[in-house]
Amino acid sequence: MSSEPRRALVASPTQAARAAEERLRAAYDFVPVEQADMIIALGGDGFMLQTLHSMLEGRRIVPIFGMNLGTVGFLMNEWRLERLDQRLDKAKSFKVNPLRMTVDTVDGERFSIPAINEVSLLRETRQTAKLEVQVNGRTVLPELVCDGVLVATPAGSTAYNLSAHGPILPLGSALVALTPISPFRPRRWRGAILPENTVIRFIVLDPVKRPVSAVADQREVRDIAQVEIGIDRATPLTLLFDPEHTLDDRIAAEQFIA
């Protein structure tokens, strides 16, 4: 007979999350994160992304069950103190493959950073960015003039991507969204939906005069020369949700919100 999974508890620094953490620790047993088989995260979507990135950086990845004590909480479950054991037993798991961006800067530095929601390229000054867009080694847009552009996963398609008028992608669709941010030329281009095994490369045209930054979720690299983006299948993440409030249901429901 297998033993119960060892659970760790982490919380954002907000007053509400810290108060909830105290109540949970008084009611249930927890172990340090490095000993855990699963993590309970208290906070909002930003804290969930922070926790997921910490696992990726530490190369020790376990399932995570979030409870919303933040603002949006799209990646979180409802906060409740009661019946935690039963909720975890019945929780539905979702595998999320993060993006991996490989960035070369103007100064010759290289960075490799994961992103769960999206990778965004953004202009750093008042001047528009000018980018060459390549898909699987083929130039599809010789010059995209814009405020920026982003590549979003299905899990992130209802975040910044949706605000930039990008498509909502069903979870499990094996797709990514390529969405321009305030495009000027080509004026009628509104983005693309691509298979998740696509490799997308952006080359910054005139990066000194028109500097561009690249942001993977919350981590930014400034003054980039080019960035390559693809799905990282080596480090899948597992999110846990209450059966009545699963991530795929939330993503589908977003399509009907006026």
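These figures come from a predicted structure and were not determined experimentally.

Turning to the side chain of Ser-12, a few remarks are in order. Along the polypeptide, Ser-12 turns up in the loop between strand E1 (7-11) and helix H1 (15-27). In this structure, Ser-12 is in contact with Ala-17, Arg-18, Leu-42, Gly-43 and Phe-47, ignoring residues within four places of it in sequence.

Feature annotation in UniProt places "active site" (unreviewed entry) on Asp-45, given in this structure's numbering. With respect to the helices, strands and loops of the structure, Asp-45 is situated in helix H2 (residues 45-58). Residue Asp-45 is classed as buried on the basis of its relative accessible area of 18%.

Between side chains of opposite charge, a pair can form when the charged atoms approach closely. Under the definition given, this model contains 14 salt bridges. Across the salt bridge formed by Arg-18 and Glu-21, the nearest N and O atoms sit 3.2 Å from each other. In this pair, Arg-18 and Glu-21 both sit in helix H1, three residues apart, roughly one turn of the helix. For Arg-18, a relative accessible area of 38% puts it in the partly exposed group. According to the relative accessible area criterion, Glu-21 is buried, its value standing at 14%. For Asp-147, the salt bridge identified is with Arg-123, shortest N-O distance 2.7 Å. Of this pair, Asp-147 sits in strand E9 (residues 138-152) while Arg-123 is found in strand E7 (residues 118-123), placing the two residues 24 residues apart along the sequence.

The subject of this paragraph is the packing of aromatic side chains. Overall, the coordinates contain one aromatic pair when judged by the stated rule. Pairing Phe-94 with Phe-241 gives two aromatic rings, centres 5.8 Å apart and planes at 75°, and the pair type is edge-to-face. Remark: Phe-241 occurs in strand E16 (residues 237-241) and Phe-94 occurs in strand E4 (residues 92-96); sequence separation between them is 147 residues. Residues Phe-94 and Phe-241 agree in their burial class; the two are buried. In this structure, Arg-185 is placed above the aromatic ring of Phe-184, and the distance from its NZ or CZ to the ring centre is 4.5 Å.

On to the UniProt feature "binding site: NAD(+)" (unreviewed entry) in the protein, then. As recorded in UniProt, the feature "binding site: NAD(+)" (unreviewed entry) lies at Asp-45, Gly-46, Asn-117, Glu-118, Asp-147, Ala-155, Thr-158, Ala-159, Tyr-160, Asn-161, Leu-162 and Ser-163. In summary, the annotated positions, distributed over 119 residues, remain apart in three dimensions as well, the widest C-alpha pair reaching 25.0 Å. Exposure remark for Asp-147: the relative accessible area of 22% places this residue in the partly exposed category. Look at Ala-159 and you get partly exposed, because its relative accessible area is 28%. Dropping the residues within four chain positions of it, Ala-159 is found in contact with Asn-117 and Glu-118.

Conventions we followed
- Residues numbered from 1 in each chain as written.
- Predicted model: local features only at pLDDT ≥ 70, side-chain atom pairs only at ≥ 80, totals over all residues.
- Heavy atoms only, no water.
- Helix = DSSP H or I, 4+ residues; strand = E, 2+ residues; numbered from the N terminus.
- Contact = heavy atoms within 4.5 Å.
- UniProt positions renumbered as here; feature names shortened; annotations may be inferred.
- Buried < 20%, exposed > 50% of the residue type's maximum accessible area, 1.4 Å probe, protein only.
- Salt bridge = Lys/Arg side-chain N within 4 Å of Asp/Glu carboxyl O.
- Phe/Tyr/Trp six-rings, centres within 6.5 Å; stacked < 30°, edge-to-face > 60°.
- Lys NZ or Arg CZ within 6 Å of the ring centre and 35° of its normal.

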